[in-house]
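Summary of structural features
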Amino acid sequence: MPDSSADDPSLHRVASVGELEAGDSSVVDVDGEQVALFHLNDEYFALSNVCPHQGGPLGQGRVEDECVYCPWHGWQFDVESGEHVQGDDVVPTYEVVVEDGDIHVRV
Ligand code: FES
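Residues numbered from 1 in each chain as written. Predicted model: local features only at pLDDT ≥ 70, side-chain atom pairs only at ≥ 80, totals over all residues. Heavy atoms only, no water.

Per an unreviewed UniProt entry, the protein carries the name Rieske (2Fe-2S) protein and comes from Halobellus litoreus.

Spelled out as structure tokens, the structure:
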């Protein structure tokens, strides 16, 4: 059973389940961190919104084949692992917990 967000200060509510359509992404502020939130294949994934190349906003990137393309120069990252598809860079990922119709991110 997942941690209850009410009992876990590291879990932050970022949205309701219905707010993010399948295939969509958004950028949320989580305790001062800019986090890119993705809804793919009935799951939610959270990555740092900051591209390791030059800081592009990954949450505004196009998503295709479970990868997000940075909107600035097109670097491609696996949405689940944060790994750069063509290189060694890795974007930090965050645990997502869905509970009682709310989406929480652990930071
Ligand atoms: S800032 Fe993301 S690819 Fe350049």
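1. What about the UniProt feature "domain: Rieske" (unreviewed entry) in the protein?
The sites that carry the UniProt feature "domain: Rieske" (unreviewed entry) are, in the present numbering, residues 12-105. Taken as a whole, residues 12-105 contains 0% helix and 47% strand, while its terminal C-alpha atoms sit 5 Å from one another. (UniProt positions renumbered as here; feature names shortened; annotations may be inferred. Helix = DSSP H or I, 4+ residues; strand = E, 2+ residues; numbered from the N terminus.)

2. Quick word on the pattern of salt bridges
In this structure the tally under the stated criterion is five salt bridges. With a closest N to O distance of 2.4 Å, Arg106 and Asp8 form a salt bridge. One end of the pair, Arg106, is in strand 10 (residues 102-106); the other, Asp8, is in the segment before strand 1 (11-16), with 98 residues separating them in the sequence. Arg62 serves as the salt-bridge partner of Glu64, at 2.5 Å between the closest nitrogen and oxygen. Among the residues examined, Glu64 registers a relative accessible area of 37% and is labelled partly exposed. Arg62 gets classed as partly exposed once you look at its relative accessible area, which sits at 47%. Taken together, the salt bridges that share partners define one network made up of Asp8, Glu95 and Arg106. (Salt bridge = Lys/Arg side-chain N within 4 Å of Asp/Glu carboxyl O. Buried < 20%, exposed > 50% of the residue type's maximum accessible area, 1.4 Å probe, protein only.)

3. Remarks on the environment of Glu19
Along the chain, Glu19 turns up in the loop between strand 1 and strand 2 (25-30). Through-space distance from the C-alpha of Glu19 to that of Asp102 is 9.6 Å; in sequence the pair is 83 residues apart. Among the polar contacts listed, one links the side chain of Glu19 to the backbone nitrogen of Ser16, at a separation of 3.0 Å. (Polar contact = N/O pair within 3.5 Å; in protein donor to acceptor, adjacent residues only side chain to side chain.)

4. Looking at unusual backbone geometry
In the Ramachandran plot, Asp42 falls in the positive-phi region, its phi being about 65 degrees despite a non-glycine side chain. Mapped onto the fold, Asp42 is located in the loop between strand 3 (33-40) and strand 4 (43-48). Taking relative accessible area as the criterion, Asp42 reaches 70% and is therefore assigned exposed. Positioned with a positive phi, Glu66 is a non-glycine residue whose angle comes to about 65 degrees. Among the structural elements, Glu66 can be located in the loop between strand 5 (62-64) and strand 6 (67-69).

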